[in-house]
Amino acid sequence: MNAAIRLPVEQAYASELQALARGDDRQKPAGWSLSPQAVLTYLLGGKAGDGTPVTPKYVGRRRLMETAVATLATDRALLLLGVPGTAKSWVSEHLAAAIMGDSTLIVQCTAGTDENQIRYGWNYAQLLAKGPSQEALVPTPLYRAMQTGKLCRLEELTRMGSDVQDTLITVLSEKMMPIPEFNTSIYAQRGFNIIATANNRDKGVNELSSALKRRFNVVVLPLPEDMAEEVAIVSKRVDEMAGGLDLPVPKNVGEEIARVLTIFRELRAGATADGKVTLKTPSGSLSTAEAIATMVGGLSQAAWFDSGKLGAEGLAASLVGAIVKDPVQDKAVLEEYLETVLKKRPDYAGYYAALNAAI
Amino acid sequence: MGHNDVAYFGIRHHGPGSADSLVQALQDLQPGAVLIEGPIDASALLPLLARPEMQPPVALLCYREEDPASTSFWPFAEFSPEYQAVLWAVDNKAALRFIDLPSPARFSEAAVEGAEKVDADEAKESSERDDVAPHRRDPIGTLARAAGYEDGESWWSDIIEQNPEPGPIFAAISDAMMTLRDGEGSIAEFEAQREAHMRLEIAAARKEFDGPIAVVCGAWHVPALQATHPQKNDQALLKGIARRKSTMTWAPWTGPRLALGYGYGAGVVAPGWCKHLWRTRGRRDAATLWLAMIAAVLRVKGHLVSTASLIEAERLARTLAAIRERPKPGFEELRDAAIAALFNGEALLWALVEAELLLGADVGEIPPDTPLAPLIEDLQRNQKAARLKPEALERELSVDLRSDSGLFRSTLLHRLNVLGVHWGKLTDAGRSRGTFRERWTLAWEPEYAVRLVENLIYGPTIEKAANGRLIQMIEAAATLDTLAVLVQGAITAGLSEASTAGLGALEARAARSSECLEILASMPPLADIIRYGEARKTETNRLSGLMERLIVEGAIALPYAARDLDEQAAATLASAMRKADEAIRLVEPGEDVLNGWRNGLAAVLEGSRATALLAGCAAHLLYEAGRLSAEAAARLLGRRLSPGTPVAEAAGFFEGFFSTAGQRLIYDEGLRGAVDSWLKSLDEDAFIAHLPLLRRVFSNLDSMERRRLIEAVLGRAARLPAGLTPTPDGGEAWRRHLERLGPLLTGGNGNG
């Protein structure tokens, strides 16, 4: 019995992958374990060649996934872009699992990531004992992916410094990595490629240099298009998180989720739900993940301070926090939204008053 | 009876793919006569299409002489199969004619169902009606969508790729249509009549011409035309169809208008894409060229697109096509690849270039000797109705907007002005609001006729053309205030479509704009429409809503906009603020909206970073509105002008307050006291530095008011201190000056 909290997806979905591989007689790009069409079936759901049902891993537009798979088939690197909570890492993991059967060659990029973690590092004891030698070299996931012709995943590419990002340029364009200490290079084997994910709305990220950006094909993963779908996602996550934090969930949580999400979606889309009034959009991303955080914040407030009553007053502070990221610009946006839209909706009267007070 | 000597070419209207196949098929068949789906009474005009001066897109216009608004259009683009068939026939000396019902039949049908289509778009498709099911309007597009294609042309070219012979393609299309139409119930009478008419004409042509006959018609009709029907039944069907004469001519057309009947985008005819397909037919690098066109548009818009990215985009498009199991990249593959490789994944950027690429900016040309221009005819009709004659000599015309005839005349002149035909010039523009009278100067110039013909691309009647042109201007308008002026123009000219479009654009733009100046500047024209709209019988509810929204937005934006401005920007904003305030008072909005505006002004006044000029201006507006009591205002002035305030700032505030309110000082003792004590507190240098400002502020008082102000300050029997005469004897003073200057200038003993 495996006690791991979560297994890599190639193990969790091993039976589906095997079934797909069995019934797959189409042409495969070099180094791929499935044909591009079978990879698409794995991602979007359907039936394997032998009739085994395949669950959908990504719910959304098919042509985005087609572009992603086609990109990897051209040996060009893929950059998945999107606000937090749009399944970027999820898609990247499943892509690597389906194409290579291995999603574990991964670099988590942070502000502290340096070149040694991207190219290769040194085992200093060995280095002192033997000088620069193969034994003293510590390969990184990228190094190993190049050597073995696998997919390397770079998570949150824009979080690491621009100078470190740019070490990827040679790797991507010439498919080789020089090791000046040995006066040699390693050459990527067929099948090698990179899937990077990055956040396009956050502040404090390092924009990709245009030289690097040009070496990626970019697929932007959108937020859920459908209100009902998003409400379901938020309700599920709020329930789960409240359970984890031992917070009681009041009865009216469903209604409040719908209201909060309406506000989020309207501001995000720049138009009211009925499409009649156009709105300005605030600078923040107002993602599904933030809606979840707002709701959990409200629940916590309700449980500890408002004797279990969840309402506009408790949610207002977190709502304002989510919407107003820029104290001048966003505040004007929210004020305008309150005055031109919420004021006229009787069932949002509580929100109108509470938000006005909280601004 | 066999049909072996008649070849049926079921085409897709405006489909470059079918145009290409058609030309090849005609070349193979070498028919003696080419019969095309189109109004039979316009056959005589067909050869004109092949004239070298005729540059498509052009359209065949048919209209009833007495009612040009009922015009039907048959547009032709370079890539239309019908157009290519005409070119082929003229080049190869084959007989050429239209075989559909004569054009008047279409008018009578339009009249029957006209009730709900009054405002519908005038651009009617060449052979099918707007309101029919999609699989009948564009059966090939429907087949393509069934096959998973968004773009019918890509499907067509893929099919052709697999079936290189043109002959079998048309046979295959005909088979497909047979299946589509199989088991359909009775079709609408009009459609049945059309098909009957075409059958009869084909039969007649078979008797008349030697050699094979080519029939070029919408794919949908092929099975019905091939089927055998007794001629008697067909003739019976056609009994009683309208045979009135209609007027016909060619008119220049535009790319965007070609797409109008369809809407452009996925799955429908996009002229830009079709033209590209046509121009690159038979070339292997069509996909590359399309990507290069995308890159060119992007570069013009200031985006960086490298050649290497184009290569990558093309590789991606090919792989996508392979994954979708298509023989070569089509429209969708190229779009998706461009988004991923050239647009950094931003689908929004695609939306930006989409219109430019897909619609194109082509404008057709017609030979100068083409007969009759419907706009000129419409003008003549309108002139008759308005009892106005075009005269070259200037003539005054006063129009009473309360009478129907006056309103009619004014509307006509306004509409002509929209079209750039300045037959009438409004002599009291700007002063006319609120009155029921307009004064015009009329003078007709011969060039106006030419200009009217140029306007034909916007519509066949003056009303429609003016609407079309104004809508185009509205789409191009960049700022809120220009939009507001355009909407005002649309409403004055009674152009309902343009004003609806303008209001929509205004609402969208108002929501996005946070440019305070723009918002404020858009208020006066809107207020004019709302306040004086009754004279024009306009529905103003929507406008009032919009105005209130603008007021709220302006009030929110104002305090931020008023911060830290330089002199020039502050002056501009102050003037916009005053005009906006005037406009707001004019429309008398709800109490809370008005309060919102005043709160905005108060925030400017209290804001620590607000520019002094604007703070002064806000204070004055609040004072006038009664939000600031006299004592409060005096206290405020005293504080803002007190010695502790930097002099430049105090002066700015002073100017803001008084630049339009000099008279106020005559009557308002409290204010006067505050000003007086400020002036007295200035030291000599500062006082001199501010003299120009004071002069500017008081310059809009006339001499009487100045006198009364002086009296008010110095008491009734005012005497200025000795030596300070308001009107000194200039002549005497000059003489003395000259006396002294003379010696200095001539080098005499000036200083001894």
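The following paragraphs examine the structure supplied in this document. The model shown is predicted, which means the values in this text are computed figures rather than measured ones.

Re the interface of chain B and chain A
Bring the parts together and some accessible area is lost; that lost area is often taken as the interface size. Contacts between chain B and chain A engage 29 residues on the former and 29 residues on the latter. Mapped by element, the contributors of at least two residues to the side of chain B that touches chain A are α14 (307-323), α15 (331-341), α22 (496-512) and α24 (541-561) of chain B. Element by element, the count of residues in the side of chain B that touches chain A is highest for α14(B), at 8 residues.

Some remarks on the pairing of strand β6 (residues 213-218) of chain B
Residue and element names in this part refer to chain B. Most of β6 is tucked away: 6 of the 6 residues are buried. The pairing of strand β1 (residues 6-11) with β6 spans 6 bridges and is parallel. Bridging across to β6, Phe9 finds its partner in Val216.

Side note on the packing of helix α1 (residues 16-29) of chain B against helix α2 (residues 81-91) of chain B
Residues and elements named next belong to chain B. Relative orientation of the contacting elements α1 and α2 amounts to 25°, with a least axis distance of 8 Å. Our classification of the angle between α1 and α2 gives roughly parallel. Remark: the crossing between α1 and α2 carries right-handed chirality. Residue-level contacts link Ser18, Ala19, Leu22, Val23 and Leu26 of α1 to Pro81, Gln84, Ala85 and Trp88 of α2.

With respect to unusual backbone geometry
Residue B:Pro57 follows B:Pro56 across a cis peptide bond; omega there is 5°. Residue placement: B:Pro57 occurs in the loop between β2 (33-39) and β3 (58-64). Positive phi, normally seen in glycine, also occurs at A:Glu156, with a value near 55°. With respect to the secondary-structure elements, A:Glu156 resides in the loop between β7 (151-155) and α9 (162-165). For A:Glu156, a count of 21 C-beta atoms within 10 Å translates into the label buried. Despite not being glycine, B:Gln30 shows a phi value in the positive range, around 50°.

Some remarks on the sheet that holds strand β9 (residues 424-426) of chain B
Residues and elements named next belong to chain B. Spatially, 3 strands are ordered β8-β10-β9 in an open sheet, and the strand pairing comes out antiparallel. What marks the edges here is a single partner per strand, and that holds for β8 (395-400) and β9. In this sheet, adjacent strand axes meet at a mean angle of 35° when their direction is disregarded. One ladder, built from 6 bridges, connects β8 with strand β10 (residues 437-442); its direction is antiparallel. From the neighbouring strand, Glu396 faces β10, where its bridge partner is Thr441.

Quick word on the packing of helix α12 (residues 271-279) of chain B against helix α16 (residues 347-359) of chain B
All names here are of chain B. Two elements in contact, α12 and α16, have axes separated by 4 Å at closest approach and are oriented at 50°. By the angle between their directions, the pair α12 and α16 is classed as oblique. Contacts between α12 and α16 involve Pro271, Gly272 and Trp273 from the former and Leu357, Leu358 and Leu359 from the latter. Grouping the constituent residues of the contact of α12 with α16 by class yields 5 nonpolar, 1 polar and no charged.

What counts, and where the lines are drawn
- Residues numbered from 1 in each chain as written.
- Chains lettered and ligands numbered in written order.
- Predicted model: local features only at pLDDT ≥ 70, side-chain atom pairs only at ≥ 80, totals over all residues.
- Contact = placed C-beta atoms within 7 Å.
- Helix = DSSP H or I, 4+ residues; strand = E, 2+ residues; numbered from the N terminus.
- Buried ≥ 20, exposed ≤ 12 C-beta atoms within 10 Å, placed from the backbone.
- Pairing = 2+ DSSP bridges.
- Axes fitted to C-alpha atoms, helices over the stretch in contact; angles between N-to-C directions.
- Parallel < 35°, antiparallel > 145°, perpendicular 65-115°, else oblique.
- Left-handed = near helix turned anticlockwise from the far one by under 90°.
- Nonpolar A, V, L, I, M, F, W, Y, C, P; charged D, E, K, R; others polar.

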